[in-house]
Amino acid sequence: MVETRSNIQTFYASTSQPLPIILDGDPGHDDAIAWVLARSRPELRILCVTSVCGNQTIEKTTYNAGRIMALLGMDVPLAMGLPKPLFRDPIIADTVHGKTGLDGPELPEPMKSPVACSAAELMAQCLKESDEPVVIVPTGPLTNVGALLLLYPELKSKIRHISLMGGGIARGNWTPAAEFNILVDPDAAKIVFESGIPITMAGLDVTERALVYPEDFERIRRVGNHVASVVAGWLEFFYHFHQSLGYPGAPVHDAVAVTALIRPEILTGEDLYVQVETKGVFCRGATVGDLNKVSGKPPNAYCLKDINRNAFVDLLVEAVTYYG
Ligand code: RIB
Ligand code: CA
């Protein structure tokens, strides 16, 4: 059965101008590929980039963000996020992304230093200065977005939509119940999911279907420019961890949050009422979806469930071709 498009989705069809977006991530190989995709699209206008601690420490994810921006010629402000989750100790994913957080291909040094203000302050500045509401694309823990909403509640109306990678209705990946981004900062995630801002949730239900196979790495490399070669190298590194778990390809989780903004038609999902568990022994960080509509609460997220994998890979090939 084809899922009916939710009312949250209609906003995508209503825009003719490029969508102003903020990229917030913890690069991270799949964050990096998501940013390669975002930078290549005329439908999107990147206002700024903010780093968050997640896959690696905030120092390393910020340095990686600067290197990716240099590689892509992304000349917008970069701000460093908070040094740790709102109320908890950091968890890093060095087993997945390596000691640097972006192991693999050589990258240029950052073109410039991060701005002096915090990630939340830079986000707030971009929201205030934008003529129209902005889409935030978080692909790491939601610490910075949570801080933004706590510090600047009056700017909520300037956030048009949040298209995030995080959570999983059916399962977790860092614990049986919780996906990494939400687990690292469940308190920030709770703030975001309770904010009333329209959310597209690219959770594991869809992102573990966004698999790029080794033959796709070669297809990307054959595009023949430098960015294509770097993306193929990132995919190869990212695949090593997942191959050891039996995955047939690399799940490029974060790129799905960007895909939802530019090609929603290759995705299916459903509106759900989602709660974030911030306590509990076994379930902290779980995103609990009201699949049977028993809560009586209105949906707060459009939860993606499936993706046309071939179309997704075509999108990544098209993206790297842009850098020719
Ligand atoms: O669980 C996958 C998520 O955790 C991705 O965003 C990946 O980059 C890591 O941050
Ligand atoms: Ca990430």
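These figures come from a predicted structure and were not determined experimentally.

Reading the values: rules and limits
Residues numbered from 1 in each chain as written. Chains lettered and ligands numbered in written order. Predicted model: local features only at pLDDT ≥ 70, side-chain atom pairs only at ≥ 80, totals over all residues. Heavy atoms only, no water. Near = heavy atom within 4 Å. Polar contact = N/O pair within 3.5 Å; in protein donor to acceptor, adjacent residues only side chain to side chain. Areas by Shrake-Rupley, 256 points an atom, 1.4 Å probe, with all protein chains shown as cover. Helix = DSSP H or I, 4+ residues; strand = E, 2+ residues; numbered from the N terminus. Nonpolar A, V, L, I, M, F, W, Y, C, P; charged D, E, K, R; others polar. Buried < 20%, exposed > 50% of the residue type's maximum accessible area, 1.4 Å probe, protein only. Lys, Arg positive; Asp, Glu negative; His and termini not counted. Salt bridge = Lys/Arg side-chain N within 4 Å of Asp/Glu carboxyl O. Donors = N, O, S within 2.8 Å, 3.2 Å for Na, K, Ca; no water. Pairing = 2+ DSSP bridges. Phe/Tyr/Trp six-rings, centres within 6.5 Å; stacked < 30°, edge-to-face > 60°. Lys NZ or Arg CZ within 6 Å of the ring centre and 35° of its normal. Core = buried A, V, L, I, M, F, W, Y, C linked by side-chain atoms within 4.5 Å. Contact = heavy atoms within 4.5 Å. Patch = residues over 30% accessible without salt bridge, like charges linked within 9 Å, V, L, I, M, F, W, Y side chains within 5 Å. Right-handed = clockwise from strand over helix to strand, strands pointing away.

Novice: Tell me about the site of ligand 1, and please be specific about residues and values.
Specialist: Looking at ligand 1, there are 13 residues lining it, with D30, T139, N173, E179 and D254 nearest. At a separation of 2.9 Å, an oxygen atom of ligand 1 approaches a polar backbone atom of T139. Against a free-state accessible area of 270 Å², the protein chains account for coverage of 96% of ligand 1. Only α2 (29-39) and α7 (180-184) provide two or more residues apiece to the shell around ligand 1. Partitioning the shell around ligand 1 into residue classes produces two nonpolar, six polar and five charged.

Novice: Tell me about the side chain of D290, and please be specific about residues and values.
Specialist: Position of D290 relative to the elements: it lies in the loop between β11 (287-289) and β12 (301-307). Salt bridges are absent for the buried D290, whose nearest opposite-charge side chain, K293, sits at 6.8 Å. Side-chain polar atoms of D290 contact the side chain of S295, separated by 2.6 Å.

Novice: Describe the coordination of the calcium ion (ligand 2), listing the residues and the values that go with them.
Specialist: Every protein donor of the calcium ion (ligand 2) is accounted for by D26 (OD), D31 (OD), D31 (OD), T139 (O) and D254 (OD), and the metal-donor separations fall at 2.2 to 2.6 Å. Expressed as a motif, the donor residue spacing for the calcium ion (ligand 2) is D-x4-D-x107-T-x114-D. Placement of D31 in helix α2 and of D254 in the loop between β8 (250-251) and α12 (255-262) is noted, with a sequence separation of 223 residues between them. Residue D31 is classed as buried on the basis of its relative accessible area, which comes to 0%. With a relative accessible area of 2%, D254 lands in the buried category.

Novice: Can you break down the sheet that holds β12 residue by residue, with the values?
Specialist: Strand order in this open sheet of eight strands is β3-β2-β1-β4-β5-β6-β12-β9, and the pairing throughout is mixed. Looking at which strands have only one partner, the edges of the open sheet turn out to be β3 (78-79) and β9 (267-272). Pairing analysis gives seven bridges linking strand β1 (residues 19-25) to strand β2 (residues 44-51), with the strands arranged parallel. Within the sheet, the bridge partner assigned to I21 lies in β2 and is I46.

Novice: Can you tell me about the packing of aromatic side chains, naming the residues and giving the values?
Specialist: Counted by the stated rule, this structure contains three aromatic pairs. Ring centres of Y322 and Y323 lie 4.9 Å apart, and the angle between their planes is 85 degrees; this geometry places the pair in the edge-to-face category. The class of Y322 is partly exposed, set by a relative accessible area of 46%. Residue class for Y323 comes out buried when judged on its relative accessible area of 16%. Its guanidinium or amino end placed over the ring of Y213, R309 lies 3.9 Å from that ring's centre, counting from NZ or CZ.

Novice: Run through the nonpolar core, naming residues and quoting values.
Specialist: Formed by 69 residues in total, the largest nonpolar core has its most connected members in I21, W234 and F312. If one sorts the elements of this core by residue count, helix α11 (residues 226-244) sits on top with nine residues. Setting aside anything within four residues of it in sequence, one finds W234 in contact with H29, A32, I33, V36, I68, L71, L102, D103, P105 and L107. Residues V134, V145, V274 and C303 belong to the second largest nonpolar core, which totals 36 residues.

Novice: With reference to specific residues and values, describe a nonpolar patch on the surface.
Specialist: On the surface, a nonpolar cluster with roughly 350 Å² of combined accessible area is contributed by F87, L150 and L151. One can find L151 in helix α6 (residues 143-151).

Novice: Just give me the short version of the pattern of salt bridges, but keep the residues and values in it.
Specialist: Summed over the entire model, instances satisfying the criterion amount to 15 salt bridges. D314 serves as the salt-bridge partner of R219, at 2.8 Å between the closest nitrogen and oxygen. Of this pair, R219 sits in helix α10 (residues 214-221) while D314 sits in helix α13 (residues 309-321), placing them 95 residues apart in sequence. Note on D314: relative accessible area 38%, which makes it partly exposed. When salt bridges with common partners are traced through the structure, they connect R41, E43 and E318 into a single cluster.

Novice: Quick one: what's the story with the pairing of β1, residue by residue and with numbers?
Specialist: The element β1 is extensively covered by neighbouring structure, given that seven of its seven residues are classed as buried. In β1, alternate side chains face the same way, and those of L19, I21, L23 and G25 on one face and P20, I22 and D24 on the other are all buried. The handedness of the β1 to β2 crossover, carried by α2, is right-handed. Where β1 lies against strand β4 (residues 134-138), four bridges are found, and the strand directions are parallel. By the bridge assignment, D24 is partnered in β4 with P138.

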